[in-house]
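Residue-level structure breakdown
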Amino acid sequence: MITPTPRSPVADAARPDAAYVDWAAIFAGAFVAYALLLVLTTFGAGLGLSMVSPEPGDGVSLRWIMIGAGIWVVWTTITSFAAGGYLAGRMRRTVGDATGDEVETRDGTNGLVVWGVGAVVAMIMGASGVAGVVGTVASGVGAATTTVAETMEGPIDYAAGVALRTNTGEVAGDDAARNEIASVLARSLQQGEIAENDRAYIASIVAANTQMDQGEARAQVDNAIAEAEQTWQEAVDLAEQARIASVIAAFVLAATLLASAAAAYFAAAMGGQHRDQSIGFRTFGR
């Protein structure tokens, strides 16, 4: 096992045209980081698809797939930027006017710039797991606010049809009557409560179209409203779960990006140390 020696001041002569930020090494590290991220994300997608089955009861549950996907995205992001940072630190051309500590800081800073460039490239290309997660998180909160209305379009229309059923099981009335009942139900459910005058109004429409008396029509309307309210509450619960998941995903993504920035910095510093100590890649195999 090779024991790293302390980093000594750089002995190279100072070059007046040299810069502390080596863009050639940075772009090399950034593109390697992005390419590795793309490969690992594609592999993870294939692995996830292999765990899903169209047959009921087969395959892994959606919850565990989401947990596994989150862990995979965190690991691949940090690993990819660490690899890109190491490469940039290893390839950075040194400027011989600094102590060993200052050289380490410059190497790490180049790794941090690799992280910034790689993240921007990933967002622009839109083909990586990070970009996909960002898009999901960005649209998650907005989607949660419209999930209930979109989910309830069918159930509300069905509840209107239930209210207009005759004793023979057929749906009476024309589309205008059904649409009117559905409109009143949708507006009332969005307000959180179906008022008594709305219930009476719907019952009058049902009585006029089914030839029921007012008492029978009211009982049938109450049953239809009860089903609609239950479905509405289930949709609200799902939307709330989606909102919470979006918030958690946003925090996890932010933490992952910060962790990958730190990984790129310290990996670049390590790469620079290996450069100065002439430690070859074969050392990792030992």
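Now for a look at the structure at hand. (Residues numbered from 1 in each chain as written. Predicted model: local features only at pLDDT ≥ 70, side-chain atom pairs only at ≥ 80, totals over all residues. Heavy atoms only, no water.)

Bringing the side chain of Asp 22 into the picture now. Position of Asp 22 relative to the elements: it lies in the segment before helix H1 (23–50). For Asp 22, the side chain forms a polar contact with the main-chain nitrogen of Arg 93, separated by 2.9 Å. If sequence neighbours within four positions are ignored, Asp 22 has contacts with Met 91, Arg 92, Arg 93 and Asn 110. (Helix = DSSP H or I, 4+ residues; strand = E, 2+ residues; numbered from the N terminus. Polar contact = N/O pair within 3.5 Å; in protein donor to acceptor, adjacent residues only side chain to side chain. Contact = heavy atoms within 4.5 Å.)

With glycine set apart, most residues show a phi of negative sign, and most peptide bonds adopt trans. Its identity as a non-glycine residue notwithstanding, Ser 278 has a phi of 55°, on the positive side. Among the secondary structure elements, Ser 278 is positioned in the loop between helix H7 (214–276) and helix H8 (282–285).

Take the pattern of salt bridges next. Enumeration according to the criterion identifies eight salt bridges in this entry. The residue Arg 106 makes a salt bridge to Glu 102 at a minimum N-O spacing of 3.2 Å. In this pair, Arg 106 and Glu 102 both sit in helix H3 (residues 100–125), four residues apart, roughly one turn of the helix. Given the relative accessible area of 32%, Glu 102 is considered partly exposed. For the salt bridge of Asp 107 with Arg 275, the shortest nitrogen-to-oxygen distance reads 3.1 Å. You can see Asp 107 sitting in helix H3 and its partner Arg 275 sitting in helix H7, a full 168 residues away along the chain. A single burial state applies to Asp 107 and to Arg 275, both of which are buried. Salt bridges here are not isolated pairs; linked through shared partners, they connect Arg 92, Asp 107, Arg 275 and Asp 276. (Salt bridge = Lys/Arg side-chain N within 4 Å of Asp/Glu carboxyl O. Buried < 20%, exposed > 50% of the residue type's maximum accessible area, 1.4 Å probe, protein only.)

The next point concerns a nonpolar patch on the surface. Taken together, Tyr 20, Val 21, Trp 23, Phe 27 and Phe 31 make up a surface patch of nonpolar side chains, about 500 Å² in accessible area. Along the polypeptide, Phe 31 turns up in helix H1. (Patch = residues over 30% accessible without salt bridge, like charges linked within 9 Å, V, L, I, M, F, W, Y side chains within 5 Å. Areas by Shrake-Rupley, 256 points an atom, 1.4 Å probe, with all protein chains shown as cover.)

A few words now on the packing of helix H5 (residues 175–191) against H7. Direction vectors running N to C along H5 and H7 enclose 50°, while the axes themselves pass 11 Å from each other. Taken together, H5 and H7 sit at an angle that is classed as oblique. Pair H5 / H7 crosses with right-handed handedness. Where H5 approaches H7, its residues Leu 185, Leu 189 and Gln 190 are matched on the opposing element by Ile 225, Ala 228, Glu 229 and Trp 232. (Axes fitted to C-alpha atoms, helices over the stretch in contact; angles between N-to-C directions. Parallel < 35°, antiparallel > 145°, perpendicular 65-115°, else oblique. Left-handed = near helix turned anticlockwise from the far one by under 90°.)

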